[in-house]
Amino acid sequence: MTRRYAIAALLALTTATIATAQTQIKGDSAVTFKYPRNVEGQAPINPDKVIDEVEWIVGDEAILKSEIEGMRAQAEVEGIKFKGNPDCAIPEQLAVQKLFLHQAAIDSIEVSESEVTQTLDQQINYWIQMVGSKEKLEEYKKQTVAEMRQQMHDDVYDRMMIDRMKQKLVEDVNVTPAEVKAFFRNYPEDSIPFVPTTVEVQILTQTPKVSLEEINRVKDQLREFTDRVNNGESSFSSLARLYSEDPGSARQGGELDYVGRGMLDPAFAAVAFNLTDPKKVSKIVESEFGYHIIQLVDKKGDKVKVRHILMKPRVEQTAIDAAIARLDSIGDDIRKNEFTFDDAAQILSDDKDTKNNHGLMYSATSDSRTSRLQMSELPSEVAKVVDTLKVGEVSKAFTMTNSRGKTVCVIAKLKSRTDGHKATMQEDFQVLKNVVAAKQREKIIHDWVVAKIKTTYVKVKDRYKNCDFEYQGWIK
């Protein structure tokens, strides 16, 4: 068992005597549990003097009253509703979490510290964006960011471990067309999923050319930053906070957590992984995002931790106007049937994500890929234009910011529109397949929990014995 599962330190919590009870669990192994009780000849426990209480014991894990109340308070803040009576649902949820964590330890499921840090960074950066600044967040939370990280760390770790354990349990789910048809053959009509309006959209993009003068301006600025760091005038992290145009890392002093080579832009990775001296600043690197200078923080195995400053050359309006005019001319030729949008996108577009698919936009997950997108899944600039188009119509040129943060000029074609409707096997097989797969995963998880309860020592206080639990077998 790891430090998260240690019970002894949690149980010196009342003015009552702590007694030890040994309970035989499956096989010959015995686990020692510690919980408060009255000892013969001692005055009864005064509930008002109890600092905390053990409400449940699951395996060799205690569920404390403070944990239950803490989850209740957090749920109220976040507007989370529990199934059934919260007095029963909350401790049951905590108990189920402990089952998953115990199995994750047995199966050697791993979550790295860098993954936890990355998740914490994402959460805290999201909060900062919501309230406006780090200072406002600390004022609202009445904690420093460091204190928030410390408080959230173990909960984030546990949540990631539980998610990994669940993923392992359902990793072999593979739904066949026959299973999908059988599932929906007698499915209630009013329960069939409603599919919102979807569209298929093709785009052809051209990136306005940046002037050589502007590129030199950016490079000179980065060289100045390098000199200031090398001369000891400024720290790399302070310059990153002030000037870097990567909003995700600028707040962290330009720091990117441990990351593998495959997760980085190839040009950026080639320089970052060749750095050896944390005191040195790299040469200027051009990536798909702009121009960078990089400083090594640390290396661990096949991962590197660096700081960087990103600067993006500004595009002059004359260059944007030229690209718009060029695309409008291409659009006119498509409308005159001089060539098709498919051919134009494949030959003329500079959007790497779509040009080899005739400009067709798509959404991809680990187990599916679709070109039928809801309007909310489109970039806002594209959605605004597409909403005004008829099927088969090609738009006038417009500008948008692409996934790499660059200004690009675009023409779009609405290839198809499917109005919202009840899912059908012919048009929405993937949607229905996803429903069946989710049901199968849900059943596997439910059955696993029920089976795990049967082989796990569980002790609950009498007040929970009339609860209508989601999983059977807690009361033994």
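Here is a short report on the structure shown in this document.

1. Concerning the state of the cysteines
Within the structure shown, the criterion is met by one disulfide. The disulfide partner of C88 is C467, and the gap between their sulfur atoms is 1.9 Å. Here C88 and C467 share a disulfide; its torsion about the S-S bond, -70°, makes the bridge left-handed. Here C88, found in helix α2 (residues 86–106), pairs with C467, found in the segment after β17 (458–460); they are 379 residues apart in sequence, far enough to count as distant. In this pair, the class of C88 matches that of C467, namely buried.

2. Quick look at the packing of helix α1 (residues 65–78) against α2
Orientation of α1 relative to α2, taken along the N-to-C sense of each, is 110°, at an axis distance of 10 Å. It follows that α1 is roughly perpendicular to α2 by the angle criterion. Where α1 approaches α2, its residues E67, I68, M71 and R72 are matched on the opposing element by P86, D87, I90, P91, Q93, L94, Q97 and K98.

3. Quick notes on helix α7 (residues 212–230)
Here α7 contains 19 residues, and its C-alpha end-to-end distance of 27 Å stays within 8% of the 27 Å for a straight helix at 1.5 Å per residue. Of all the residues in α7, the buried ones are E214, I215, V218, L222, F225, T226, R228 and V229. What you see down the axis of α7 is that its buried residues fit within an arc of 165°, all on one side. Exposed and facing more than 90 degrees away from the buried side of α7 are L212 and E213. Where the residues of α7 are buried, they touch α8 (236–243), β9 (290–300) and β10 (303–311). Remark: G232 follows α7 within two positions and exhibits a positive phi of approximately 80°.

4. What to know about helix α5 (residues 145–169)
Side chains of residues three or four places apart in an α-helix project in the same direction, reflecting 3.6 residues per turn. When the terminal C-alpha atoms of α5 are compared, their 35 Å separation across 25 residues agrees well with the 36 Å that a helix rising 1.5 Å per residue should span. Where α5 bends most, at M152, the angle is about 40°.

5. Overview of the packing of aromatic side chains
Under the counting rule described, the total for this entry stands at eight aromatic pairs. Aromatic pair F100 and W448: ring centres 4.9 Å apart, planes at 10°, arrangement stacked. Here F100 is found in helix α2, whereas its partner W448 is found in helix α14 (residues 429–454), with 348 residues between them in sequence. As far as the burial class goes, F100 and W448 line up, both buried. A ring pair is formed by F183 and F184, whose centres lie 5.0 Å apart and whose planes are at 75°; its orientation type is edge-to-face. Among the aromatic residues, those joined into a ring-pair cluster are W56, Y464, F469 and W474. Cation over ring: K141 sits above W127, and NZ or CZ is 3.9 Å from the ring centre. In this structure, R261 packs its charged tip against the face of F273, placed 4.5 Å from the ring centre.

6. Quick word on a nonpolar patch on the surface
Among the surface-exposed residues, Y126, M130 and V131 lie close enough to one another that they form a single nonpolar patch of about 300 Å² accessible area. Summarising the element assignment, M130 is placed in helix α3 (residues 113–131).

Thresholds, definitions, all that
Residues numbered from 1 in each chain as written. Predicted model: local features only at pLDDT ≥ 70, side-chain atom pairs only at ≥ 80, totals over all residues. Heavy atoms only, no water. Disulfide = S-S within 2.5 Å. Helix = DSSP H or I, 4+ residues; strand = E, 2+ residues; numbered from the N terminus. Buried < 20%, exposed > 50% of the residue type's maximum accessible area, 1.4 Å probe, protein only. Axes fitted to C-alpha atoms, helices over the stretch in contact; angles between N-to-C directions. Parallel < 35°, antiparallel > 145°, perpendicular 65-115°, else oblique. Contact = heavy atoms within 4.5 Å. Expected span 1.5 Å × (residues − 1). Arc of directions from axis to C-beta. Bend = angle between axes of the 7 residues up to and from the residue. Phe/Tyr/Trp six-rings, centres within 6.5 Å; stacked < 30°, edge-to-face > 60°. Lys NZ or Arg CZ within 6 Å of the ring centre and 35° of its normal. Patch = residues over 30% accessible without salt bridge, like charges linked within 9 Å, V, L, I, M, F, W, Y side chains within 5 Å. Areas by Shrake-Rupley, 256 points an atom, 1.4 Å probe, with all protein chains shown as cover. Salt bridge = Lys/Arg side-chain N within 4 Å of Asp/Glu carboxyl O.

Purely geometric numbers; function is a separate question.
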